[in-house]
Amino acid sequence: MHHWDKMTKSSRNGPPPKKKTTPDPDRLERLVAEANRARAARELGYRERALKILPWVCGRCARSFERARLRELTVHHRDGNHDNNPPDGSNWELLCLYCHENEHARVEDARAGGGADKPAAPATHKGLAGLEKLLKGKK
Ligand SMILES: [Zn+2]
Ligand SMILES: [Zn+2]
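Fair warning: this is a prediction, and the values are worked out from it, not measured in the lab.

Caption draft 1: Fine view of the coordination of the zinc ion (ligand 2). Around the zinc ion (ligand 2), the protein contributes the donor atoms His76 (ND1), His100 (NE2) and His104 (NE2), which lie 2.0 to 2.1 Å from the metal centre. In primary sequence terms, the donor set of the zinc ion (ligand 2) follows H-x23-H-x3-H. Residue His76 is located in strand β1 (residues 73-77), and its partner His104 is located in helix α3 (residues 97-112); the two are separated by 28 residues in the primary sequence. Judged by its relative accessible area of 34%, His104 is partly exposed.

Caption draft 2: A look at the coordination of the zinc ion (ligand 1). Cys58 (SG), Cys61 (SG), Cys96 (SG) and Cys99 (SG) make up the full set of protein donors to the zinc ion (ligand 1), lying at 2.3 to 2.4 Å. Here the zinc ion (ligand 1) is ringed by four donor atoms whose angles at the metal span 101 to 116°, and the overall shape comes out tetrahedral. Donor residues for the zinc ion (ligand 1), ordered by position in the chain, follow C-x2-C-x34-C-x2-C. Of the two residues, Cys61 is situated in the loop between α2 (27-53) and β1 and Cys99 in helix α3; the sequence distance between them amounts to 38 residues. What makes Cys61 partly exposed here is its relative accessible area of 37%. Judged by relative accessible area, which is 13%, Cys99 ranks as buried.

The rules we used
- Here the residue numbers are simple positions, counted from 1 along each chain's written sequence.
- Following the order in which they are written, the chains are lettered starting with A and the ligands numbered starting with 1.
- Since the coordinates come from a predicted model, pLDDT governs what is reported: local features require at least 70, and pairs of side-chain atoms require 80 or more to be given and counted, while whole-chain, interface and lining totals use all residues.
- Each side-chain value is derived from all of the structure's non-hydrogen atoms; neither hydrogens nor water enter the calculation.
- Donor atoms: N, O and S within 2.8 Å of the metal, or within 3.2 Å for Na, K and Ca. Because water is excluded, sites can look incomplete.
- Here a helix means four or more residues in a row that DSSP labels H or I, a strand means two or more in a row labelled E, and each is numbered from the N terminus.
- Remark: exposure states derive from per-residue accessible area (1.4 Å probe, protein chains only) relative to the maximum for the residue type, with buried under 20%, exposed over 50%, and partly exposed in between.
- Only two sets of limits are used to name each site, 85 to 135 degrees for every angle of a tetrahedral four-donor site, and over 155 degrees for opposite donors with all other angles from 65 to 115 for a square planar four-donor or octahedral six-donor site, with any other site named irregular.

Right, dumping it as C-alpha cells:
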C-alpha cells in the first residue's frame, strides 16, 4: 500500500508541461497558406461533386465535354455564393468557360442598372441578316 502512495505523490509533483509562448513570425503566413489550401480543396471538392452528379454539358450552349476537355467546363453557382454547395447540386450549373464569363457579365450588367437602354451592336444584326440570306439562298 505504501508503495502506491509514494508513486502517486511523486508523479503529481512533477513540473507542469510548459506552454510554448515564443512568438512565431511565420505563424500568420502559415495560417494564410492553410486557409488558401482549404479553400482550394473546398473548390476542388464541389467541382468534383458537381461533375459527378451533373451531365458534362454546358447549361447555356449545350456543348458537351469529354474528360480530356473537362477543364473547360466550370461550375457556376446559381446564387453566386460559392459556399452554398447543397449535395443535390441544386445551386450548381455546369458552364463552359465562355458561357460562364457571359453569365457573370450579364449579372454585372443587370446590377449596374444599364443594359436595357444600350443600343444593340449593329454587327450582330448584320451578321444575322447575312446568315438568313445564306440560309434562304441555300433552299
Ligand atoms: Zn457554353
Ligand atoms: Zn459562376
